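# Structure assessment
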Amino acid sequence: MQHMTRNLKPANRKCTGFPIITGITVLCFLIFYAASGNLERQLEPVNRAALTEMLFVSLLLLGIGRLPLFNTGKRQILATAIVIVTEIYLHRMLLPVVFSGLWFLFVAIVFLFIFGVIRSRRDLRKPQLPGDPGEYRPLLLALPFLLLQLNRMNIAVDYDSLRYGLRSDYVLFNGSFFDALGQINAVYTYPKGLEVLTAPLSSFHSFALLLMFQFWTLLSVMALVFLILYRMTGRVRNGVAAVLVLSMMTSLTNMSITAKTDLITLLLQLIMFWFFLTREPGKAAAAAILSLSMKPTAVVFTTAAWMTLMGMSLWDAHRKAGRNVSPREPQLPGIRMQESCIFTSGVWLSALPALIFSILFTGIITLRTLVITGVPYSTTFTALFQTLGFRVKWPFNFDAHVDYGASVSFGQAMLSLARRLFLFLFCPVGDDMAHVMIAWGGVMVPVLLYAVLRKWKLLFGGSREQRMSAMLLMVLTGLSLLTFYFLWQVDGNYYIFWDVMLVITAFSLLEEGPDLHPGRVKILGAGILWAAAFATTIITSWAGAVGFTPIDFVNKGYYDNLAEIAEAQRLRGSYGVWSHMAADPANRVIAFAETPDCYEIPCNVESIADVEGSGGSPGLYDKPMFFEWFLTWADTDYLYVERGFLEQPEETRAREMVETLIREGMISDIMTERASQEPELHGIGPEEDCYLLLSVDKARLRYIWEETTPPPADPARTAELLGIFRTAAYFAR
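Described in the following lines is the structure provided in the data block. Everything quoted here is computed from the prediction, not taken from an experiment.

Here the focus is the nonpolar core. Residues Leu270, Ile504 and Tyr640 are the most contacted members of the largest nonpolar core, which totals 172 residues. At 17 residues, the largest contribution of residues to this core is made by helix 10 (residues 208-233). When sequence neighbours within four positions are dropped, the list of residues in contact with isoleucine 504 reads Val225, Ile228, Leu229, Met232, Leu270, Phe273 and Ser469. One finds Phe645, Met666, Leu692 and Leu722 within the second-largest nonpolar core, a separate group that totals 46 residues.

This is the structure:
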């Protein structure tokens, strides 16, 4: 491989672009930090305490190397490890780190064996890091970003994680894998590859055990980016700098404490890219296929990336046909660099185990969605599948997706696109950017874009790897712009593949000299950007600004989330109802309650928002008969009702629906509990909440399902239950 040896500008000319773009970025960041409410949140006690702790730990980590006691490399590593382990223990993460790490290691070894990277026990020997150990010292600046994620992992549990990622035992493995288990929302029929991989970790009382799998995935992404850049440039410093920048991106690091599937999908996409670099398209195809089992949008992004890279590989093979090309490229211990033609049988035969495994695994995962819903992917691609002859099964409805671009004129859409692109790059504020500010590429993105655009011509005149990276970045940029055009609200994690390819492309252009040995101005600018990224990371997560898990000097090594939830139920006076539902994990419950709190009930719970909200089937609320059909289809055991939820003005329809079910005799009993923990319902004041558990009469619902007339309901019993409900659930009017 030929490396770049020329600069776009003479070495003696100073480039003022970096200070200018850094200044603009920092100015926009200051506006963003105040306008987004991050500054106000940072001043809250729990967040001030978290910041103080991390500043102390950061200074400790950076100062270790300056102490005479730790003047050797081994001693510095030992001291750093002691600091890290102490932090992990104090925040009750020790056992999740160890046990989840062992499971991740097992999964990784199996994967590497199937893909032919590991072929014998000798390949498991300790790898030798290239370069001088001192070249890795900048990674100390990445440790604070990683540690703060571990410090809050136990308590930073977000909506989507509680909704499905952490509830696999109740909503996925609580019966037949090919059964919806009464869940109607699209998120429960998304590809469940990650849930299958983490199934052994989903049965414990500590959520961190499963979430740590995501953290190890993040570290794997960083390691792979390092390997990719070392292969592309032959320099350790490029890879180290890229890893440091990745740690500063909340679009990546904040995904390490959520059960969302973005990181595992990204890892497989980067593995695909790696195998294209090593001219192993069969294994690249296997990784691409495997990514389809993790996230529905991979159908678009992975497929587009694979087609781009495969097209470039075919063109490269055609261009070199008949020529004996044997480029020299940096070799990593234990990593085989295959340079044979992509058309040889050996290339594809070596990928056969990986292809078979990926096709079978993804096939099973996709078959589940097909059996349950009638279409392979329960997303916006439903219309395409219906055109191909697939039919969505009742009661699912995947047609309620908004096309933002089609709802406004072309001119308005273009102006909106320009506005949103600026906000996305510099200052993500506003309702449509709410999910960007918590998973944002951050202050480094404009600087990296400038670095790429400044040397754009070098990319297409450079190495094969640089051309592939640049072309893939262009394709992902086009797809990302389309999402800005068609979607009203976008999430920052949609663009992590783009973020990482931007990092890879930018750092593949860095050369020896001013790029890797910057002057004081660039060091000062980089320090300011590091501080801005740190200030953003510590105050943002998918669960909000929650601070850190409280320090416990004598602990069991883990945080018992289920015990904390049970204690919270006792404190608010709903433990009796909660424990009745939790007594049988197979109980199926429709919750008329606030989300995501209702997902903390340890059984098969589905919120009414799942039914009528985004991804659900709103038509089931049109008539009581439709809703009764759904209750029968879902095999519902209970309706769980919180008075505080029903009293909201927008929940009038919910109150009417529950009352109708009672009047028609579809409810056989009502268990009540009030916040004051008194059994009587009389004298409930407006300041007190009440919790109800309504038992569903399945036998009577069956008549409605079979469209036959049920026996008359007992008027006295119906009136009694209706009175209890009206008194307990809301004030009789």
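So that's the structure; there's more coming.
A few words on the sheet that holds strand 5 (residues 690-696). Taking strand neighbours across the sheet as the criterion, the five strands line up as 2-1-3-5-4 in an open arrangement whose pairing is mixed. Each edge of the sheet is formed by a strand with only one pairing partner; in this case those strands are strand 2 (604-607) and strand 4 (667-674). Direction aside, the axes of adjacent strands within the sheet are offset by 20° on average. Two elements, strand 3 (residues 638-642) and strand 5, share five bridges in a ladder whose sense is antiparallel. When the bridges of strand 5 are listed, leucine 639 appears paired with leucine 694. Each of strand 3, strand 4 and strand 5 touches helix 32 (residues 715-729); the most contacted strand, strand 4, lies at about 25° to it.

Side chains bearing opposite charge may pair, as long as their charged atoms lie close to each other. Summed over all chains, the structure comprises 19 salt bridges. The shortest N-O distance in the salt bridge between glutamate 659 and arginine 663 comes to 3.3 Å. Highlighted residues: glutamate 659 and arginine 663, both in helix 30 (residues 652-663), separated by four residues, approximately one helical turn. Owing to a relative accessible area of 43%, arginine 663 belongs among the partly exposed residues under this scheme.

A few words on the packing of helix 1 (residues 17-35) against helix 20 (residues 444-454). In contact at an axis separation of 9 Å, helix 1 and helix 20 are set at 155° when each is read in the N-to-C sense. Viewed along their axes, helix 1 and helix 20 adopt a mutual orientation that is roughly antiparallel. For helix 1 against helix 20, the interelement crossing comes out right-handed. Between helix 1 and helix 20, the residues in contact are Gly17, Phe18, Ile21, Thr22 and Thr25 and Pro446, Val447 and Tyr450, respectively.

Calculation rules
The written sequence of each chain sets the order in which its residues are numbered from 1. A pLDDT threshold of at least 70 governs which residues receive local features in this predicted model, and a stricter bar of 80 or more applies before side-chain atom pairs are shown or counted, although totals over entire chains, interfaces and linings include all residues. As a rule here, side-chain values come from all non-hydrogen atoms in the structure, and water together with hydrogens is ignored. Within this scheme, the nonpolar core is defined by two criteria: the residues are buried Ala, Val, Leu, Ile, Met, Phe, Trp, Tyr or Cys, and they are joined through side-chain atoms within 4.5 Å. Relative accessibility thresholds used throughout: buried, under 20% of the residue-type maximum; exposed, over 50%; partly exposed, between the two (1.4 Å probe, protein chains only). Strands here are runs of E lasting at least two residues and helices are runs of H or I lasting at least four, both read from the DSSP assignment and numbered beginning at the N terminus. Should any heavy atoms of two residues lie within 4.5 Å, those residues are counted as being in contact. We treat two strands as partners when DSSP finds at least two bridges between them. Convention adopted: a line fitted to C-alpha atoms gives each axis, helices being fitted over their contacting stretch, and angles between N-to-C directions are expressed from 0 to 180 degrees. One speaks of a salt bridge when a side-chain nitrogen belonging to Lys or Arg is within 4 Å of a carboxyl oxygen belonging to Asp or Glu. By definition in this entry, angles of less than 35 degrees are roughly parallel, angles greater than 145 are roughly antiparallel, angles of 65 to 115 are roughly perpendicular, and the rest are oblique. Handedness of each helix crossing follows the sense of rotation of the near helix against the far helix: counterclockwise by less than a right angle gives left-handed, clockwise gives right-handed.

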